[in-house]
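Each chain is listed here by its residues.
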Protein chains: 2
Amino acid sequence: MVLEVNVKNISLSTYERIAIISKDIADKINVRAGDRIKVRTNSKGEIYIVEIDENNEFIDSSTIAIPKKYSIFKDGEKVRIRTAPHPKSKEVIKKKMQGFELNHEEIRMFVEDVYRNRLSRVEIASYLTSVQINGMSIKETISLTKEMYKYGETLSWPWHWKIVDKHSIGGIAGNRTTPIIVSIVASAGLKIPKTSSRSITSPAGTADTVEVLANVEFSAEEIKRIVKKTNGCMVWGGALDLAPVDDKLIRVEKPLDLDPEGQVIASILSKKKSVGSKYVLIDIPYGDEAKITNFNKAKMLAKKFKIVGAHIGMVVESIITKGHEPIGNGVGPVLEMIDILNVLYGKGPKDLREKSLEMAGIILELTGKGSYDTAKEILDRGKAFKKFKEIIHEQNGSLARDLYNMLGTYTYEVTAEQDGVVERISNNTIVEIAKRAGAPSFKGAGVYLYKKLGDKVRKGDVIFKIYAESERKLDYALEVMNEQKPYFITKKKTYILAEII
Amino acid sequence: MVLEVNVKNISLSTYERIAIISKDIADKINVRAGDRIKVRTNSKGEIYIVEIDENNEFIDSSTIAIPKKYSIFKDGEKVRIRTAPHPKSKEVIKKKMQGFELNHEEIRMFVEDVYRNRLSRVEIASYLTSVQINGMSIKETISLTKEMYKYGETLSWPWHWKIVDKHSIGGIAGNRTTPIIVSIVASAGLKIPKTSSRSITSPAGTADTVEVLANVEFSAEEIKRIVKKTNGCMVWGGALDLAPVDDKLIRVEKPLDLDPEGQVIASILSKKKSVGSKYVLIDIPYGDEAKITNFNKAKMLAKKFKIVGAHIGMVVESIITKGHEPIGNGVGPVLEMIDILNVLYGKGPKDLREKSLEMAGIILELTGKGSYDTAKEILDRGKAFKKFKEIIHEQNGSLARDLYNMLGTYTYEVTAEQDGVVERISNNTIVEIAKRAGAPSFKGAGVYLYKKLGDKVRKGDVIFKIYAESERKLDYALEVMNEQKPYFITKKKTYILAEII
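Sequence order sets the numbering: in each chain, residues are counted from 1 along the sequence as written. Chain letters start at A and ligand numbers start at 1, both assigned in the order the entries are written. Local features in this predicted model are restricted to residues whose pLDDT is 70 or higher, and side-chain atom pairs enter the listing and the counts only when it is 80 or higher, whereas totals over whole chains, interfaces and linings include all residues. For the side-chain quantities, the full set of heavy atoms in the structure was used; hydrogens and water were omitted.

### Describing unusual backbone geometry
Here the residue pair Ala439 of chain A and Pro440 of chain A is connected by a cis peptide bond, since its omega of 0° sits within 30 degrees of zero. Every helix listed is a DSSP run of H or I at least four residues long, and every strand listed is a run of E at least two residues long, numbered separately from the N terminus. Position of Pro440 of chain A relative to the elements: it lies in the loop between α17 (427–436) and β16 (446–449). For Asn396 of chain A, which is not a glycine, the phi torsion comes out positive at approximately 60°. The backbone of Asn117 of chain B sits at a positive phi, close to 60°, despite the residue not being glycine. Along the chain, Asn117 of chain B turns up in the loop between α3 (104–115) and α4 (121–134). For Asn117 of chain B, a relative accessible area of 10% corresponds to the buried category. Buried means the residue's accessible area, taken with a 1.4 Å probe over protein chains only, is under 20% of the maximum for its type, while exposed means over 50%, and partly exposed covers the values in between.

Shown next as structure tokens:
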């Protein structure tokens, strides 16, 4: 049975993609709350999960209310509604649950159904849990990457450009190598249209940090203009619609705290493909509090990145790096930007400087543009800093901002209770303190680490300092230390543990 | 941050347990759509998933709108709201996903969180998928059964009563032994407060079928009265709140088509425990279209039922029965009731009669009240029929109804295209035809099978007849046969393949 009703776009924010219809409409098309309906005009259609207004409290019987965010219809537009058929990929989810390998066609169907919103979040949760438990073969990962790449916006560039990119698997506080690497490789003549994420669960994403100085939200056209002018950019990927399927999956992965490996590879590489990258360096931090806790798993992951990359025409290299402590001294957008600027000035935290140089060096080698030494020269001669300024300028930003003035004024210095050597720093505890202090929504909040792994400390030395948005947030941040210890004791440090080519 | 608002109970039916707050309230307590909030007064509290009215289109900023079905508050009641902490059992779900066995305390936490609505349906979906893939140990199943039994209504009886019960794993059309077994064992002096389900995905549940003649919705007090008077009842379990946790889990299992074994055992036995059963016979139909398709799995399942039963003080026996074709001739509420009455009259389909007698016989043996022969005598002497009438009478029903007059008048007879012997009947296809014809919501719809496995047929013989609610539904039912064949060819039949004691 098909019924005609009028659309009312409402400003309700919901987790599930719902639409509200009245009780008698629901009865006529024989649906119950939670069922799927198809809503369409002659030219377009969309699928929603039904909520039912049993007493016409919100809408009358000739109306369907659709949250604006999910609506593709105009207010008052006449639409036909009927029950939606079961999406074909329900069988695909079942097959994955049973432990079978999916073929390309099945993955194509699943990705299309996610894109077209034919699956409920409950069904997607079941799929992701199945993938988390049963894993994904290389073949499946390749298919998934190719299919996810099909949807969403893409950037295209002159065919002879060497588009390079880098990505860090994440999880390590202060790991803000991107602005430094972008500045070095762009200065060396490579093209790096770098899109980054904002923080989801960390005290700062690269986009949050760059935003301390410049705008990070640009359209595809604007990005092209910036990259054509400066060879690089440092923008927020979320402003583009690069990976609509991935975005929908992430909305379910996050609350469940899921991160299935095959999904991670497909997510990263399909996005890199969308921005046109040809050479990609992946940073896989490994450590007991990093996302990857096992060295052999990190190696396996690096290999998979390489193979999947090859299948989509991309040269992908990975490095496994030490993820045992935050990188740099600052944790939080402004504090991280201070570190970055210091490195670009030729000073700054040694670990951030070295990691950035080594990564930039590998990218230069991959593309025949040089090596670590080239990167070092570009940095030390101030060329990287000049390039950084250029890009910031093109992103409507300026270096004239007084960063120290942006820092939270509610501060607390944590001091050493005894002499010794820093043996262990809990990345997670530092992250938690910085977030509670107000990062990243308040950019000046965070933690500044005066001591890193292997540093000698004397009783009374300041180990780290908390910058909070308010007194309440400072108290809240300090409470963490009642339960988790941020600092312990040690010996020496090296950064890149292995380089996988 | 805690805020005070007024409750407005709304008549919105939703799949997720949501509550709607305004944008500025959401900002103040720092929640986004899909987050959890705790809503409470001094004496009670409840958790909801947030939807946000961004523009105060539906509610003002001093109001929280809660669907009546999920509300524990009065209209206008003042409540405090704040973000809800992450439920502890999120870690439990993760552990299960990683393949570890859960201990009793973890299962207790999970069940409590489900009961208190602390978990979203997306989280429950992830748990159920994990259990489906990783399975559940006997220990876990015992813990789950005990914990699920803790919540919801219970029936209590004089301590010396021998409360018996039976349950069929389901999936076989027409498998309506319950009214016959209840009548026999109640007549033998045993107490059988039988609660049954309505159809969820089949053309008729026992409750739908009994409802053809009598009322099936009674309170716990009324059930006690009926059983005290007649020794038995045949009511709809859904009218009682026997298994609130199971009900919440089933709301997620159904759309995902999940049926994890440990969950099934815990669900059945905790409910049996709630109604006070001490001796339970489980019918496990096995066949290529039954829920259990593998004989050894059926045996394993029977053993698990026995062990878990023993741990909650219940004697549980199982029989593995042939589930290769529908039981009886009728499929659909009225047609099945006609079969039942015919058996009680001493006639009726032989398979339904024999299966009921064998099962009743086992229950009589278990309780020292007799055997198959006792059951046969009770049936053949008309005592079971008399008991059946008594119970129907107590349930405000009557046998005076003209069942044939209730049948759908839009009918179609399917005839044999050639001579032969019925070799295979597709249970699923018959089920689909009966449902499309209008069963169970229209009680007179269904399929009547004139030929069963092993029957000889001649070209032109009527094999089965469809009774539909309307011409449109009849056409819709007939369409099934374009895709799936309901009937094929064969040899002989036996019912109980094995009896597991």
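### Here's the deal with the interface of chain A and chain B
Frequently, the measure chosen for interface size is the accessible area removed from exposure when the parts meet. What makes two residues a contact is simply this: any of their non-hydrogen atoms within 4.5 Å. With 36 residues of chain A in contact, the opposing surface of chain B contributes 36 residues. Buried area is a sum: the accessible area each of two parts loses on coming together, probed at 1.4 Å, counted once for each and added. Summed over both sides, the interface of chain A with chain B buries roughly 3200 Å², with 62% coming from carbon and sulfur. Per-residue buried area on chain A facing chain B is highest for Ser11, Phe58 and Val122 of chain A; these three make up 20% of the total on that side. The salt bridge criterion pairs a side-chain nitrogen of Lys or Arg with a carboxyl oxygen of Asp or Glu, the two atoms within 4 Å. The interface formed by chain A and chain B holds four salt bridges in total. Among the ionic pairs, Lys68 of chain B bridges to Glu57 of chain A, the shortest N-O distance being 3.9 Å.

### A closer look at the relation of the copies chain A and chain B
The copies were overlaid by least squares, fitting only the C-alpha atoms of residues that reach a pLDDT of 70 or more in each copy. For the pair chain A and chain B, the superposition axis carries a translation of 0.0 Å, the fit reaches an RMSD of 0.0 Å, and the rotation angle comes to 180°. Taken together, the rotation angle and the small translation identify this as a two-fold axis. Rotation axis and chain A: the residue whose C-alpha lies nearest the axis is Val122 of chain A, separated from it by 2.4 Å.

### Some points on the packing of aromatic side chains
Residue and element names in this part refer to chain B. Side-chain rings of Phe, Tyr and Trp, where Trp is taken by its six-membered ring, are said to pair if the distance between their centres is within 6.5 Å; with planes under 30 degrees apart they count as stacked, over 60 as edge-to-face, and otherwise as tilted. In the structure shown here, the tally under the stated rule is 15 aromatic pairs over all chains. Here Tyr345 and Phe385 contribute two aromatic rings whose centre-to-centre distance is 5.0 Å and whose plane-to-plane angle is 70°, an arrangement assigned as edge-to-face. In this pair, Tyr345 is assigned in the loop between α12 (333–344) and α13 (350–366) and Phe385 in helix α15 (residues 383–394), connecting sequence segments 40 residues apart. Overall, the relative accessible area of 17% leaves Phe385 in the buried class. Geometrically, a charge over a ring is one whose NZ (Lys) or CZ (Arg) sits within 6 Å of the ring centre while staying within 35 degrees of the ring normal. Seen from the ring of Trp236, Arg198 lies directly overhead, with NZ or CZ sitting 4.6 Å from the centre. The ring of Tyr476 carries the charged tip of Arg436 above its face, separated from the ring centre by 4.1 Å.

### Concerning α17 of chain A
Residue and element names in this part refer to chain A. Of all ten residues that make up α17, seven are buried, and the element is covered over most of its length. Along α17, the residues that are buried comprise Asn427, Thr429, Ile430, Val431, Ile433, Ala434 and Arg436. Among the residues trailing α17, Gly438 stands out with phi positive, at a value near 125°.

### Re the pattern of salt bridges
Residue and element names in this part refer to chain A. Under the counting rule described, the total for this entry stands at 88 salt bridges over all chains. Here Arg198 ties to Asp208 by a salt bridge, and the two come within 3.5 Å at their closest N and O atoms. Here the residue Arg198 occupies a position in the loop between β9 (192–196) and α7 (206–210), and Asp208 occupies one in helix α7, the gap between them amounting to ten residues. The buried category is assigned to Asp208, whose relative accessible area is 6%. Among the ionic pairs, Glu317 bridges to Lys306, the shortest N-O distance being 2.9 Å. Highlighted residues: Glu317 in strand β12 (residues 315–322) and Lys306 in helix α11 (residues 295–311), separated in sequence by eleven residues. Classification of Lys306 as partly exposed rests on a relative accessible area of 33%. Ionic contacts of the salt-bridge type, sharing partners, join the residues Glu105, Arg108, Glu112, Asp113, Arg116 and Arg118 into one network.

### So, the pairing of strand β11 (residues 279–286) of chain B
Residues and elements named next belong to chain B. Burial within β11 is extensive, with eight of its eight residues counted as buried. Side-chain alternation along β11 places Tyr279, Leu281, Asp283 and Pro285 on one buried face and Val280, Ile282, Ile284 and Tyr286 on a second face that is also buried. With five bridges joining them, strand β8 (residues 164–168) and β11 adopt parallel strand pairing. Across the sheet, residue Val164 finds its bridge partner in β11, namely Tyr279. As paired strands, β11 and strand β12 (residues 315–322) are joined by eight bridges and run parallel to one another. Counted as the bridge partner of Ile284 is Ile320 from β12. Looking down the strands as they point away from you, a crossover is right-handed if its path from the first strand over the helix to the second goes clockwise. Once you follow β11 into helix α11 (residues 295–311) and on to β12, the crossover reads as right-handed. DSSP calls a pair of strands paired once it identifies at least 2 bridges connecting them.

### Remarks on a negative patch on the surface
Patches in this entry comprise residues that are over 30% relatively accessible and not in a salt bridge; like charges within 9 Å are linked, as are nonpolar side chains (Val, Leu, Ile, Met, Phe, Trp, Tyr) within 5 Å. Note that accessible areas follow from Shrake-Rupley with a 1.4 Å probe, and for residues the cover is restricted to the protein chains shown. Charged-residue counts in this description rest on Lys and Arg as positive and Asp and Glu as negative, His and the chain ends being excluded. Taken as the charge location is NZ of Lys, CZ of Arg, CG of Asp or CD of Glu. Negative charge collects at one region of the surface, where Glu153, Glu221, Glu222, Asp241 and Asp247 of chain A lie side by side. Within the element layout of this structure, Glu222 of chain A appears in helix α8 (residues 220–230).

### A word on the domain arrangement of chain A
All names here are of chain A. When cut into domains, chain A gives domain 1 (3–83), domain 2 (89–135), domain 3 (164–237 + 268–394) and domain 4 (404–483). The C-alpha-based centres of domain 3 and domain 4 are spaced at 25 Å. Contacts between the two partners involve 28 residues from domain 3, matched on the other side by 24 residues from domain 4. Interface area, domain 3 with domain 4, both sides summed: about 2200 Å², of which 57% is carbon and sulfur. Where each domain starts and ends follows an automatic or database-derived domain assignment.

### Details of the side chain of Ser168 of chain A
All names here are of chain A. Its place among the elements puts Ser168 in strand β8 (residues 164–168). Within 3.5 Å is the distance limit for a polar contact, defined as a pair of N or O atoms, with the added protein rule that one can donate a hydrogen and the other accept it, and that residues adjacent in sequence qualify only through two side-chain atoms. A polar contact is formed between the side chain of Ser168 and the side chain of Asn175, at a distance of 3.2 Å. Only 3.1 Å separates the side chain of Ser168 from the side chain of Asp283, close enough to count as a polar contact. Residue contacts for Ser168: discarding those within four places in its chain leaves Asn175, Asp283 and Pro285.

### Considerations on the sheet that holds β16 of chain A
All names here are of chain A. The four strands lie next to each other as β13-β16-β18-β14, forming an open sheet whose pairing is antiparallel. Each edge of the sheet is formed by a strand with only one pairing partner; in this case those strands are β13 (330–331) and β14 (410–415). Here β13 pairs with β16 via two bridges, running antiparallel. From the neighbouring strand, Val331 faces β16, where its bridge partner is Val447. Docked against the sheet, α17 engages β13, β16 and β18 (462–468), running at close to 135° with respect to β16. Each axis is a line fitted through C-alpha atoms, taken for helices only over the stretch in contact, and angles between the N-to-C directions span 0 to 180 degrees.

### Remarks on the packing of helix α4 (residues 121–134) of chain A against helix α9 (residues 244–256) of chain B
Look at α4 of chain A against α9 of chain B: their axes get within 10 Å of each other, and the N-to-C directions meet at 80°. Between α4 of chain A and α9 of chain B, the crossing angle belongs to the class labelled roughly perpendicular. Residues Val122, Glu123 and Ser126 of chain A of α4 of chain A lie in contact with α9 of chain B, whose contacting residues are Val252, Pro255 and Leu256 of chain B. The residue inventory of the contact of α4 of chain A with α9 of chain B, partitioned by class, reads four nonpolar, one polar and one charged. Roughly parallel refers to an angle under 35 degrees, roughly antiparallel to one over 145, roughly perpendicular to one between 65 and 115, and oblique to any angle outside these ranges. Residue polarity follows a fixed list, in which Ala, Val, Leu, Ile, Met, Phe, Trp, Tyr, Cys and Pro are nonpolar, Asp, Glu, Lys and Arg are charged, and the others, Gly among them, are polar.

### Some thoughts on the sheet that holds strand β14 (residues 410–415) of chain B
In a beta sheet, neighbouring strands are held together by backbone hydrogen bonds and run either parallel or antiparallel to one another. Residues and elements named next belong to chain B. Strand order in the open sheet formed by four strands is β13-β16-β18-β14, and the pairing between neighbours is antiparallel. A single partner strand is all that each edge strand has here, and the edge strands are β13 (330–331) and β14. In terms of strand pairing, β14 meets strand β18 (residues 462–468) through six bridges, oriented antiparallel. Across the sheet, residue Thr411 finds its bridge partner in β18, namely Tyr467. Strand contacts of helix α17 (residues 427–436): β13, β16 (446–449) and β18, with the helix running at about 135° to β16, the strand carrying the most contacts. Its contacts with the sheet put helix α18 (residues 471–483) on β14 and β18, and the angle it makes with β18 is roughly 140°.

### Topic: the environment of Ile338 of chain A
Residue and element names in this part refer to chain A. Here Ile338 lies in helix α12 (residues 333–344). A residue is classified by how much of its surface remains accessible, and Ile338, at 7% relative accessible area, is buried. Through-space distance from the C-alpha of Ile338 to that of Glu54 is 57 Å; in sequence the pair is 284 residues apart. Excluding its chain neighbours within four sequence positions, the residues that come into contact with Ile338 are Leu403, Tyr404 and Leu407.

### Examining the packing of helix α10 (residues 261–274) of chain B against α11 of chain B
Residues and elements named next belong to chain B. In contact at an axis separation of 11 Å, α10 and α11 are set at 45° when each is read in the N-to-C sense. Classified by the angle between their axes, α10 and α11 sit oblique to one another. The way α10 lies across α11 gives a crossing that is right-handed. Two secondary-structure elements touch here, α10 through Glu261, Ile265, Ile268 and Leu269 and α11 through Leu301, Lys304, Phe305, Val308 and Gly309. In the contact of α10 with α11, the residues fall into six nonpolar, one polar and two charged. Helix crossings get a hand from a simple test, with the near helix turned counterclockwise from the far one by less than a right angle marking a left-handed crossing and a clockwise turn marking a right-handed one.

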